[in-house]
Amino acid sequence: MKEFAQLKKNLKNDFRGLKKIKIALLGDTATQFLNQAIRGIGFDHGFDLEILEADFNQIERQVYDPTSELYEFEPEFVILFQSSHKLLGKYNKLKVEEQSSLSFNEMESISSIYIILSEKLKAKVIFLNYSEINDSIFGNFANKTESSFLFQLRKLNFNLMEFASNHPNFYICDLSSIQNQIGKENLFHPSVYINTEMVLSINSLPYVASKILDIINAINGKIKKCVILDLDNTTWGGIIGDDGVENIQIGSLGIGKAFTEFQYWVKKLKNRGIIVAVCSKNTESVAKVPFENHPDMVLRLDDISVFIANWENKADNIRQIQSILNIGFDSMVFLDDNPFERNIVRENIPSICVPELPEDPAEYLEYLYTLNLFETNSFSKEDNERTKLYQIEAQRATVQKKFTNEGDFLKSLNMLSLVESFNKFNTPRVAQLSQRSNQFNLRTVRYNESDIELLCTSKEHATFAFTLEDKFGDNGLICVIILEKRDNQELFIDTWFMSCRVLKRGMENFVLNTIVNFANENNYKKIIGEYIPSSKNEMVENHYLNLGFNQKESFWELAIDKYKSRENEIKIK
Amino acid sequence: MERFEITQKINTIFVDVLDNEDIVITENTIANDVEEWDSLTHIQLVVAIEKYFKIRFTSKEIQSWNDVSEMITCIQEKGI
């Protein structure tokens, strides 16, 4: 973690060309340093964060005054930082009989701030929860006393979690867990607080700024999707080729416990939708033995989407994993105990994340917890089925080899697609795909759940969500189209993104046929497309050209009357 | 530690925190002499000096110094 002084030096760097994001920072204490830390760390993440910092203690004025700087500024994010010290100050002034309602009243006021903000702005709110202060009035008994400050503070933190789970645009930056990690003596510097009204110590600022950036990154689609594991001394203790399956260390005894707990962690990630791959210098059959036969292994072969064990260079093997999964290197994490292998991978694939695992396996987990590698901004039921999807993809790749003619292969898949408008059932997945699709995404406009809900009922838009299944399995919802209806009998393709899992299946043709059918039925004459380049979507640069659109300045046009239905092997479900 | 030595160490901290290689401080230096030294960066300087010498200033001390020499006296009083 960089120190605050280093982040501050970043402010002198050249921010030109970085992605601009507008952020409003509203706090009830002095936030100048936090502001600098956030902008500084933003630079390291490739963002030019333009931060509006309200004078301190102006949260209510900024929110309730419709003419405030906040609304003029139109931020994409509003960071709300109400400190535990101010909360304690409020509590101190309460009459004894009012103390038990502190958390309720605070939650009311936070929720009313959020409602006003979401009515007036299209912004996401990041709320820093409360770091714990135990005023030691009741001692341990505070836990049995609803009117104690500790009871009220913890209750409020819990209420915030409940509130966040019901409001898609309300995010929580977990300040309380930062205090857990670095300790209160590091989070809070009493003499600085007394002199300046700043409640975060200078040493803690990078941790807090980094946690805020984690949320902003996730919302901007910068998330980790895959963890690649080395085996010997990473997944289990010892070397399978030398020690044999009976002698590797795993299970409840001694150092084996560290590896078992590590495997449970990976298993939980897998259940959350993170793809697990293996990249090991081993003979494949030998490396698979523990997964098949060792009674104490937590991870089994069906948890692993891609299993590569050979004696080739690990960087090349990881490139192969990347080509099978079709996700960016920057969404992959490589865990290996061997510094030499880590360096080879880092040097050859700079964008991949390679944590510097501690030497002692006992410390792996605690270290990995602090990195917060797997921040996300959505979680849906399909996430825990992803492993299966990628395993099926590997099977498909094997079958494809048997067909020399691609058309025959596609025909043999018996593909079916369900086409629906957005509805309350597919909304979470549509929103998730909107955050996650980077490569096959024509305009990279991100929509979250509440945006999608609005589109469900919009009269100015037509929406389509496509699933794709075949004889090997169901890919689920994999493509989304949002059309904007324009007056002059034109349809504008506001959004077209697709999961890279279903590339080269003729899905593009099927989707375009669907759009054209809709246009025909509703008397539209023209379809307009646009490609907005991002750092990741070069893949679809010629998308509209390939589909027969004609370029007109920076847009692409397709005339409906001359359109011939495009060939594909997908049937409507 | 000799006062001159402490001044040297503090000078390094000033250069680093205020990110300006040209800063030269003496015992007589006051905040107005150094462009970047304001109430906000003062806190950064205090925290950096605390960290370097592994000491803690009281909240009263932080506000009390009129020039660098008083700061140094305060550091010396903490056994440095």
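Residues numbered from 1 in each chain as written. Chains lettered and ligands numbered in written order. Predicted model: local features only at pLDDT ≥ 70, side-chain atom pairs only at ≥ 80, totals over all residues.

Caption draft 1: Inspection of the overall build of chain B at higher detail. Broken down by element type, chain B carries four helices and zero strands. Overall, chain B shows an N-to-C arrangement of helices and strands of α-α-α-α. The C-alpha radius of gyration computed for chain B amounts to 11 Å, which stays within 12% of the reference 12 Å derived for 80 residues, consistent with globular compactness. Counting only C-alpha atoms and orienting by the principal axes, one finds that chain B spans roughly 30 × 25 × 20 Å. Within chain B, the fraction of its 80 residues that count as buried is 28%. If you take every contact in chain B between residues at least 6 apart in sequence, the share linking residues at least 24 apart comes to 52%. (Helix = DSSP H or I, 4+ residues; strand = E, 2+ residues; numbered from the N terminus. Rg over C-alpha atoms; globule rule 2.2 N^0.38 Å. Buried ≥ 20, exposed ≤ 12 C-beta atoms within 10 Å, placed from the backbone. Contact = placed C-beta atoms within 7 Å.)

Caption draft 2: Quick look at helix α5 (residues 84-93) of chain A. Residues and elements named next belong to chain A. Of the positions making up α5, those classed as buried are S84, L87 and Y91. Relative to the axis of α5, the buried residues are bounded by an arc of 55° and lie together on one face. Among the exposed residues of α5, those oriented more than 90 degrees off its buried face are G89, N92 and K93. Close packing links the buried residues of α5 with α6 (102-120) and α7 (149-166). (Arc of directions from axis to C-beta.)

Caption draft 3: Geometry of the sheet that holds strand β4 (residues 124-128) of chain A. Residues and elements named next belong to chain A. Across the sheet, five strands lie side by side as β2-β1-β3-β4-β5; this open sheet has parallel pairing. Two strands bound the open sheet, and with one partner strand each, they are β2 (47-53) and β5 (170-173). For this sheet, the mean angle separating the axes of adjacent strands, direction not counted, is 25°. Of the strand pairs in this sheet, strand β1 (residues 19-27) and β2 are connected by seven bridges, and their pairing is parallel. Residue L25 lies in a different strand from β2, and its bridge partner there is E53. (Pairing = 2+ DSSP bridges. Axes fitted to C-alpha atoms, helices over the stretch in contact; angles between N-to-C directions.)

Caption draft 4: Layout of the packing of α6(A) against α7(A). All names here are of chain A. Contact geometry of α6 with α7 gives a least axis separation of 9 Å together with a crossing angle of 35°. Between α6 and α7 lies a crossing of right-handed hand. Residues L102, S103, E106, M107 and S111 of α6 lie in contact with α7, whose contacting residues are Q152, K155, L156, N159 and F163. Of the residues assigned to the contact of α6 with α7, the class counts are four nonpolar, four polar and two charged. (Left-handed = near helix turned anticlockwise from the far one by under 90°. Nonpolar A, V, L, I, M, F, W, Y, C, P; charged D, E, K, R; others polar.)

Caption draft 5: Molecular detail of the interface of chain A and chain B. Chain A puts 10 residues into the contact, and the matching count from chain B is 12 residues. With five residues, the single largest contributor to the side of chain A that touches chain B is helix α10 (residues 190-196) of chain A. In the side of chain A that touches chain B, the residues fall into four nonpolar, five polar and one charged.

Caption draft 6: Structural context of the sheet that holds strand β8 (residues 306-310) of chain A. Residues and elements named next belong to chain A. Overall, parallel pairing links the four strands, which are arranged β8-β7-β6-β9 in an open sheet. With partners counted over all chains shown, the strands left at the sheet margins are β8 and β9 (332-335), one partner each. Neighbour to neighbour, the strand axes of the sheet diverge by 15° on average, direction disregarded. As paired strands, strand β6 (residues 226-229) and strand β7 (residues 275-281) are joined by four bridges and run parallel to one another. Bridge pairing in β7 links L229 to V278.

Caption draft 7: How the structure looks around the environment of F151(A). Residue and element names in this part refer to chain A. For F151, the location among the structural elements is in helix α7. Judged by the 20 C-beta atoms lying within 10 Å of it, F151 falls in the buried class. Separated by 198 residues in the primary sequence, F151 and I349 have C-alpha atoms spaced 49 Å apart. Not counting residues up to four positions away in its chain, the partners in contact with F151 are A142, N143, T145 and E146.

Caption draft 8: Structural view of the pairing of β9(A). Residues and elements named next belong to chain A. Alternating residues of β9 divide into M332 and F334 and V333 and L335, and every residue in both groups is buried. Both β6 and β9 contribute to a ladder of four bridges, which runs parallel. The residue of β9 that forms the bridge with C226 is M332.

Caption draft 9: Representation of the domain arrangement of chain A in the model. The domain boundaries assigned to chain A delineate domain 1 (4-219), domain 2 (226-371) and domain 3 (404-572). The centre of domain 1 of chain A, based on its C-alpha atoms, is set 39 Å off from the matching centre of domain 3 of chain A. (Domains from an automatic or database assignment.)

Caption draft 10: Examining the pairing of β4(A) more closely. Residues and elements named next belong to chain A. The element β4 is largely enclosed, with a buried count of five among its five residues. Of the two faces of β4, the one holding K124, I126 and L128 and the one holding V125 and F127 are both buried throughout. In the sheet, strand β3 (residues 77-81) pairs with β4 via four bridges, with the strands oriented parallel. Looking across to β4, one finds that V78 is bridged to V125. With four bridges connecting them, β4 and β5 associate as parallel partners. Looking at the pairing, V125 lines up with F170 of β5. Crossover connection from β4 via α7 to parallel β5: handedness right-handed. (Right-handed = clockwise from strand over helix to strand, strands pointing away.)

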